[in-house]
Amino acid sequence: MRRFLTCCFNSLATKTNLKQEYQQESSASMEIQQDNNGNDHFETVSQNMIDSSSSNAPNIILNHDFSRGLYSWHPNCCDGFVLSADSGHSGFSTKPGGNYAVVSNRKECWQGLEQDITSRISPCSTYSISASVGVSGLVHYPTDVLATLKLEYQNSATSYLRIGKTSVSKEGWEKLGGTFSLATIPDRVVFYLEGPAPGVDLLVESNARPCAGDGDENIILNPKFEDGLNNWSGRGCKIVLHDSMADGKIVPLSGKVFASATDRTQSWNGIQQEITERVQRKLAYEVTAVVRIFGNDVTSADIRATLWVQTPNLREQYIGIAKLVSSLVLATDTDWVQLQGKFLLNSSPKKVVIYIEGPPAGTDILVNSFTVKHAEKIPPSPPPVIENPAFGVNIIQNSNLSDGTNSWFPLGNCSLNVATGSPHILPPTARDSLGPHEPLSGCYILVTKRTQTWMGPAQMITDKIKLLLTYQVSAWAKIGSGANGPQNVNVALGVDNQWVNGGQVEINDDRWHEISGSFRIEKQPSKVMVYVQGPAAGVDLMLAGLQIFPVDRKSRFKHLRRQTDKIRKRDVTLKFSGGGSSSVLGTFIKVRQMQNSFPFGSCMSRTNLDNEDFVNFFVKNFNWAVFGNELKWYWTEPQQGNFNYSDADEMLDMCKKNNIEARGHCIFWEVDGTVQQWIKALNKNDMMAAVQNHLTGLLTRYKGKFRHYDVNNEMLHGSFYQDHLGKDIRANMFKTANQLDPSAMLFVNDYHVEDGCDTRSSPEKYIEQILDLQEQGAPVGGIGIQGHIDSPVGPVVSSALDKLGILGLPIWFTELDVSSVNEYVRGDDLEVMLREAYAHPAVDGIMLWGFWELFMSRDNAHLVNAEGELNEAGKRYLALKKEWLSRAHGHIDEQGQFAFRGFHGTYVLEIETVSKKIMKTFVVDKGDSPLVVSIDL
């Protein structure tokens, strides 16, 4: 049986909405009913089946063929009866001996035939439905018949979930099908059929066969163009069917024909198909398409599949869903290539169109086939089993150069020689991982005659690398004279001709500098080479003590637990007083922490609010939120004077309702590629005015509602506003923001600060930038480290935090995510980062950059799979959250006190005596001195 965690049907929140929708859809039928009030109308329904998506699964509908009359069925506020085949309506033929049900005297669209199926469904199983239905009477065709689930909950409102729909366009039977899955089972689940206008009778026939579909049906109609161009249309262009092109040089990869989108005048022009009625919310779909390009002298181009979604309130969304299988490959005019991707819709859209776009105007898009299917559930990767990982053992041969330059070779036309005079001690981050270690030899490789930046010492390590192990990199580096400005030195790996960053350092003097970094290889390579590169041509390079070793990351956890206990816990004494306090001396009590007050938050988007499973997980497991895009200037004012604050407003409402604090990300973004074209077109004075207007508009509207603001994002990696408005603009942004909302803490925010792989954003560069802003009077209140990190190693991360901690400002991880195809390795990465951050005294909060698959900026970074199933990384996160909740129990002592040590946060105290049970709540705040909590009985 295929298992899914979340539902795969459309949600209809209230019966009022249900009736309004049906009234709109069936307006013609309603008019006929009103004009012919005395006439008979019949709606017919055939046998209905609900079948688990397994080839031999039983039908969970009782008396599905009506052989026992209406036993187990219930007409909902209407009448019902069963007819045999030989006494039925004309035009509705059934098998000899067969039966069908008639539902009559219907006064509302939602009235129909229902059956309670609560006891026969299981959570996380997918069920398919199949029914033959019809309508009878004076009917204005077409009219809709729907299958719906009624979900009743003891402590919340009843909800209605549509799971199937068909349009009856003529007299006779029509097939009604659909699927559904429930993550949890409500108190009561009722399946029923409904939909036509009041007065129209519904017929359910008894000769349908069980539907055992497994979700693998392609929802694209005419996917290989075997039926010509039916169901397809051009999106702003023409489409043409071909059996060949270019004098027979282009023929289909499969089948006999293909389609082209031609006469394209915009990059978004392409071929499209509407899939509204065939796509379901909260269900993940995988997309594949075979494509190529032709014409306009373009030999290669980007090409992609996109969803255009119109919401019920007529908002438009564009969702990129599929790209070329390899990021290194473009669509070409010589070969067919494959697009691949996944998508999921959080809400029930009004209209959905899928289309292919991308190449420049004038270039034809050719499509051979197009498939959109329910995404196959891929079993999680098993935990890696690594034989003899040899933690801490250097895989570099002849690292100390005791054998000259043996095992080393020059990459490129440069010279390698051995010299003496380098440090005898390991670099600091290596010492933190390796502990006591024999001294280095003091020898180094001197690289001369370098004519390219990539030239340097190299070594093959193919047979030394083990998959899924995390390797730490450490070395001393120095450069010779003659450099013109700062020089980058990089330990790099060539993995099957792809560059992997092992760590970088910027050198601007004649001292030895530490290179520190890490890497991991997850797919079997055919060749791995490590090399050191970076200074400009003609500048000598010196390398000493290169260490590359697998690191036992979990061995550090014991130390981190001790550190966590010191900084995140507090000694607490409960002191009992008041009436009857003497009678509870010696009484057994329990103390349970209900919530840790440390900020653990996540990114979310407006569309996520439409998925109740996402919202439930968020509210339960996070106490802070940050908006992925909805507060950014390009979102709130995409065109000058065209404002969109509605998304941020709705997200803030959700936060307020659930007592979740919010970070404001971000007021400005300094990177050129993120700035709207209308801003780029402004002159200096108008741009300055636009900046001021944006500050005033945003911070006045949301004054007091965001606890933090990232004022000007990624100033270490971009300089758009500084280049156009002068050096003072950055400090002025901080000053103005502080004047407009003094309650908000103002942050700098940047990436690759903590991992040693980007010299532009080293801790030293970050410190320099912050001090410069403060010297200009900018009220910098906090340091944001984004935390988009690969293969994290504790000492490398901790070293960066130590350096930044000297500024005395609170540090937040603002966009933390980790990525690995293997869920267990991803969980290890996440645990490393969470433990390092939580154990560091300078860190005041941790924000994840999302957690739900298909709604994150990185692949293989999610904690929850697209349809709601918690993966191993998610389990690791929840386990840590549980570990960081304190519990204590014991007896009240003779002084009327009870002492324990616990994490900061909210607690519940339970005292149970012979006569009564007392419950009290109290809060443990941050503080160094012991906390005495008076409990008044």
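Thresholds applied
Residues numbered from 1 in each chain as written. Predicted model: local features only at pLDDT ≥ 70, side-chain atom pairs only at ≥ 80, totals over all residues. Heavy atoms only, no water. Core = buried A, V, L, I, M, F, W, Y, C linked by side-chain atoms within 4.5 Å. Buried < 20%, exposed > 50% of the residue type's maximum accessible area, 1.4 Å probe, protein only. Helix = DSSP H or I, 4+ residues; strand = E, 2+ residues; numbered from the N terminus. Contact = heavy atoms within 4.5 Å. Pairing = 2+ DSSP bridges. Expected span 1.5 Å × (residues − 1). Arc of directions from axis to C-beta. Axes fitted to C-alpha atoms, helices over the stretch in contact; angles between N-to-C directions. Nonpolar A, V, L, I, M, F, W, Y, C, P; charged D, E, K, R; others polar. Disulfide = S-S within 2.5 Å.

### Let's talk about the nonpolar core
Moving on, step 1. One finds Leu574, Met604, Tyr709, Tyr721 and Phe922 to be the most contacted residues of the largest nonpolar core, which totals 105 residues.
Moving on, step 2. By residue number, the principal contributor to this core is helix α9 (residues 684-701), which donates 6 residues.
Moving on, step 3. Not counting chain neighbours up to four residues away, the residues in contact with Tyr709 comprise Leu631, Gly664, Ile667, Leu698, Leu699, Tyr702, Asp741, Ala744, Met745, Leu746 and Phe747.
Moving on, step 4. By size, the runner-up hydrophobic cluster in this structure holds 39 residues, among which are Ala261, Ala301, Val337 and Phe343.

### Notes on the pairing of strand β29 (residues 470-479)
Moving on, step 1. Most of β29 is tucked away, with 10 of its 10 residues classed as buried.
Moving on, step 2. Direction of pairing for β29 relative to strand β34 (residues 541-550): antiparallel, over a ladder of 8 bridges. Across the sheet, Lys478 pairs through a bridge with Met542, a residue of β34.

### Quick notes on helix α4 (residues 557-568)
Along an α-helix, residues three or four apart share an orientation, since each turn contains 3.6 residues.
Moving on, step 1. The end-to-end C-alpha distance of α4 is 15 Å, a good match for the 16 Å that 12 residues give at a rise of 1.5 Å each.
Moving on, step 2. Where α4 is concerned, the buried positions are Phe557, Leu560, Thr564 and Arg568. Angular distribution of buried residues about the axis of α4 spans 50 degrees; they occupy a single face of the element. Exposed residues lying more than 90 degrees from the buried face of α4 are Lys558 and Lys566.
Moving on, step 3. Contacts made by the buried residues of α4 are with β35 (569-577), α14 (823-838), β44 (843-848) and β46 (897-903).

### Examining the packing of α4 against α14
The description of two helices packed together rests on the angle between their axes and the distance between the axes.
Moving on, step 1. Viewed as axis vectors pointing N to C, α4 and α14 meet at an angle of 40 degrees, and their least axial separation amounts to 8 Å. Residues Phe557, Leu560, Arg561, Thr564, Ile567 and Arg568 of α4 form the contact with α14, whose own contacting residues are Glu831, Val832, Arg835, Glu836, Ala837 and Tyr838.
Moving on, step 2. Classifying every residue of the contact of α4 with α14 by side-chain character gives 6 nonpolar, 1 polar and 5 charged.

### Section: the state of the cysteines
Moving on, step 1. Summed over the entire model, instances satisfying the criterion amount to 0 disulfides.
Moving on, step 2. Lacking any disulfide linkage, Cys78 is separated from the closest cysteine sulfur, that of Cys77, by 7.1 Å.
Moving on, step 3. Classification of Cys78 as buried rests on a relative accessible area of 11%.

### Looking at the side chain of Thr448
Moving on, step 1. As for its position among the elements, Thr448 is in strand β27 (residues 443-448).
Moving on, step 2. Ignoring any residue separated from it by four or fewer positions in sequence, one finds Thr448 in contact with Cys414, Ser415, Asn417 and Asp540.

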